[in-house]
Amino acid sequence: MQRVAVQPADQSARTERNAPRRAGRLRRGLVCAAAVPAVALFATACSSDSDSGAQGTGSASDTGTVTSPTGDSTAASPTVQAAKYQKLPEPCAVLSKKTLTELVPKGVKSGKEGSSDDVATRNSCSWSSLDNNGVKGSQFRWLNISFLRFDSDANRGSGEKQAEAYYTSQLQDAQSVSGAKNTKSEPVTGAGDQATAVRYDLKKKEGAFKQQTVVARVANVVVTLDYNGAGLAGEKTPSADTLTKAAEKAAKEAVASVSTANGSGTAPSSPAATPSKSASKSPSASASPSKSSAKKS
C-alpha cells in the first residue's frame, strides 16, 4: 500500500501565506533590475551635460579672471598711456608779431578765431592780407592755423596713435587737392615729431595762387597750417619758395606753442595782436582750396 506524505495543516497554511510575499519580492526585484539601465542612462546624461558646460565659454573665478577650458586665464586689457598734452594754445596768439608781419603784412590784426564747441580739443585762427597797389594790382595773402588734440581712449587707443592716423589723413588730403598743379612734398625738421610741407599751384579766376600746407604732429596734437598767396589784377605771382619758407617758420612757432600752453617751452617773443571779431573782406573764399582750409575769413 503506497504511503502518501501529508503536510501538516499548519505548514501548508504557512506556505500559502508566504507565497504572496515571495511573489512580491520577485516582482520588486524584476522592477529594480529593469530600472538600473534607465538610472545609469540618466546618470550618464547628467554627466555629459556637466562636461559640456565646463567646455563652454569659460568660468569666472573669484578674482574676476575668465578661465578657459585649457586652464589659461584671459588677461585684462592693458592700460592705455595717458595723452601727453591736455590743453591747446589760443590759436590767434601762437605767432609772434614779426612772423605775422612777414606772412600777412596788411593783416596782422585781422586774426579771426574759428568756432569750436570745445577749444581744449580743437581750435583755429585765420588771417588775411590785401596789399592794394591800385592800377598796378595787389598782393593777396591768406593764413590759417588749426589745432586738433586727441585724448587716450581704451577703445580707440592712445592719443598719440590717433594723432598719427589723423596726421597721415591730413597729409593725404593736402597732396590730393582737385585741380592742383606741380604738387611737391618735403619733410620739415624742427616742427614736432612729424612734419611735412606740401605746396602746389592752383589757378583761380582771380589769379594764379601758390598754396602751402604744413601738417605737423607733436605727441597727441596735430597742427595744420595753410598759407597761400597770389598776385591779383596784373601783379606778379609770389615766389613759391619764399612762401614755403615763411609757412614752415610759422608752423614751427605754432608747434612750439603747444608745449608752452601745457607748461613747458618758450612762448613767441612778441605776442600777436588780440584777434578781431571779424576779418577784413578779401578774396579768401576762392583762395583757400585745400580741404583743411574749410574755415575762411
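Residues numbered from 1 in each chain as written. Predicted model: local features only at pLDDT ≥ 70, side-chain atom pairs only at ≥ 80, totals over all residues. Heavy atoms only, no water.

*Asks:* Could you give me a rundown of the overall build of the protein, with the residues and numbers involved?
*Replies:* If you tally the helices and strands in the protein, you get 4 helices and 10 strands. Expressed as a percentage of its 297 residues, the buried residues of the protein come to 37%. For the protein, contacts bridging at least 24 residues in sequence account for 62% of all contacts bridging at least 6. By element, 52% of the accessible surface of the protein is carried by carbon and sulfur atoms, the whole surface being about 17,500 Å². (Helix = DSSP H or I, 4+ residues; strand = E, 2+ residues; numbered from the N terminus. Buried < 20%, exposed > 50% of the residue type's maximum accessible area, 1.4 Å probe, protein only. Contact = heavy atoms within 4.5 Å. Areas by Shrake-Rupley, 256 points an atom, 1.4 Å probe, with all protein chains shown as cover.)

*Asks:* Provide a residue-level description of the pattern of salt bridges, including the pertinent values.
*Replies:* Tallied over the full model, the rule gives 9 salt bridges. In this structure, Arg156 and Asp153 form a salt bridge, with 3.8 Å as the shortest nitrogen-oxygen distance. Its relative accessible area of 59% is what places Arg156 among the exposed residues. Put simply, Glu160, Lys161, Glu164, Asp193 and Arg217 are held in one network by salt bridges that share partners. (Salt bridge = Lys/Arg side-chain N within 4 Å of Asp/Glu carboxyl O.)

*Asks:* Account for the nonpolar core, naming residues and giving values.
*Replies:* If you look at the biggest cluster of nonpolar residues, it comprises 34 residues, and the most contacted ones within it are Leu143, Ile145, Phe147, Val221, Val223, Leu225 and Tyr227. At the level of elements, helix 2 (97-103), strand 5 (122-132), strand 6 (138-149), strand 8 (194-204), strand 9 (207-218), strand 10 (221-232) and helix 4 (240-261) are the ones that each hand at least two residues to this core. In terms of residue count, the dominant contributor to this core is helix 4 (8 residues). Contact partners of Val223, with chain neighbours within four places excluded, come to Ile145, Ser146, Phe147, Val214, Val215, Ala216, Ala254, Val255 and Val258. Formed by 12 residues, the second largest nonpolar core is a distinct cluster that contains Tyr167, Val198, Leu202 and Val215. (Core = buried A, V, L, I, M, F, W, Y, C linked by side-chain atoms within 4.5 Å.)

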